[in-house]
Amino acid sequence: MRIRTTITMKSPQASMIAEKVALSLAPDNFSGMHTKVVDGIAQISFTTQKITTLIATVDDLLMNARIAEEVVEKTDK
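Rules used in this analysis
Residues numbered from 1 in each chain as written. Predicted model: local features only at pLDDT ≥ 70, side-chain atom pairs only at ≥ 80, totals over all residues. Heavy atoms only, no water. Helix = DSSP H or I, 4+ residues; strand = E, 2+ residues; numbered from the N terminus. Buried < 20%, exposed > 50% of the residue type's maximum accessible area, 1.4 Å probe, protein only. Lys, Arg positive; Asp, Glu negative; His and termini not counted. Charge placed at Lys NZ, Arg CZ, Asp CG, Glu CD. Polar contact = N/O pair within 3.5 Å; in protein donor to acceptor, adjacent residues only side chain to side chain. Contact = heavy atoms within 4.5 Å. Core = buried A, V, L, I, M, F, W, Y, C linked by side-chain atoms within 4.5 Å. Salt bridge = Lys/Arg side-chain N within 4 Å of Asp/Glu carboxyl O. Pairing = 2+ DSSP bridges.

Draft legend 1. Looking closely at the overall build of the protein. Helices and strands together make up the secondary structure of the protein, namely two helices and three strands. Dimensions along the principal axes, computed over C-alpha positions, put the protein at roughly 45 × 20 × 20 Å. The 77 residues of the protein split such that 31% are buried. Positive and negative charge centroids in the protein, built from 9 and 9 side chains respectively, lie 5 Å apart.

Put into structure tokens, the structure is as follows:
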């Protein structure tokens, strides 16, 4: 079974934050993973076969996105 997932990031402060965060995470994309930014909304899509891989990947993405967002907010001030 294939599980397809899309994580959508929008920042209430500024659309540029979501874009910068998504693009900072893109180098870690594994094959089958795609990052796209349209109109200030960032989406990361990927496909996996195991639910445990899905959970681990989403957990890693969210943790790294939070750290990247903090860095962007502090450096943009």
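Draft legend 2. Structural view of the environment of Thr75. When you line up the elements, Thr75 lands in helix 2 (residues 51–75). Looking at Thr75, its side chain comes within polar contact range of the main-chain oxygen of Val72, at 3.2 Å.

Draft legend 3. Examining the side chain of Ser45 more closely. Within the secondary structure, Ser45 is located in strand 3 (residues 41–48). Here Thr6 takes part through its side chain, which lies 3.0 Å from a polar atom of the side chain of Ser45. Setting aside residues up to four positions removed in sequence, Ser45 forms contacts with Arg4, Thr5, Thr6, Gly32, Met33 and His34.

Draft legend 4. Representation of the nonpolar core in the model. Ranked by size, the top nonpolar core spans 16 residues in total, and within it Met9, Val21, Leu25, Ile44, Phe46 and Leu61 carry the most contacts. Sort the elements by how many residues they give to this core and helix 2 lands first, with five residues. For Ile44, the residues in contact, after removing those within four places along its chain, are Thr5, Thr6, Ile7, Met9, Leu25, Met33, His34, Thr35 and Leu61.

Draft legend 5. Geometry of the pattern of salt bridges. A complete count under the given rule lists one salt bridge for this structure. A salt bridge links Glu70 to Arg66, with the shortest nitrogen-to-oxygen separation between them at 4.0 Å. Residue Glu70 and its partner Arg66 are both found in helix 2; the two are separated by four residues, about one turn of the helix. Glu70 gets classed as partly exposed once you look at its relative accessible area, which sits at 37%. The partly exposed category is assigned to Arg66, whose relative accessible area is 47%.

Draft legend 6. The arrangement of the pairing of strand 1 (residues 3–9) in detail. By the alternation rule, side chains of strand 1 split into Ile3, Thr5, Ile7 and Met9, which are all buried, and Arg4, Thr6 and Thr8, of which none is buried. Bridging between strand 1 and strand 3 involves seven bridges; their strand directions are antiparallel. When the bridges of strand 3 are listed, Met9 appears paired with Ala42.

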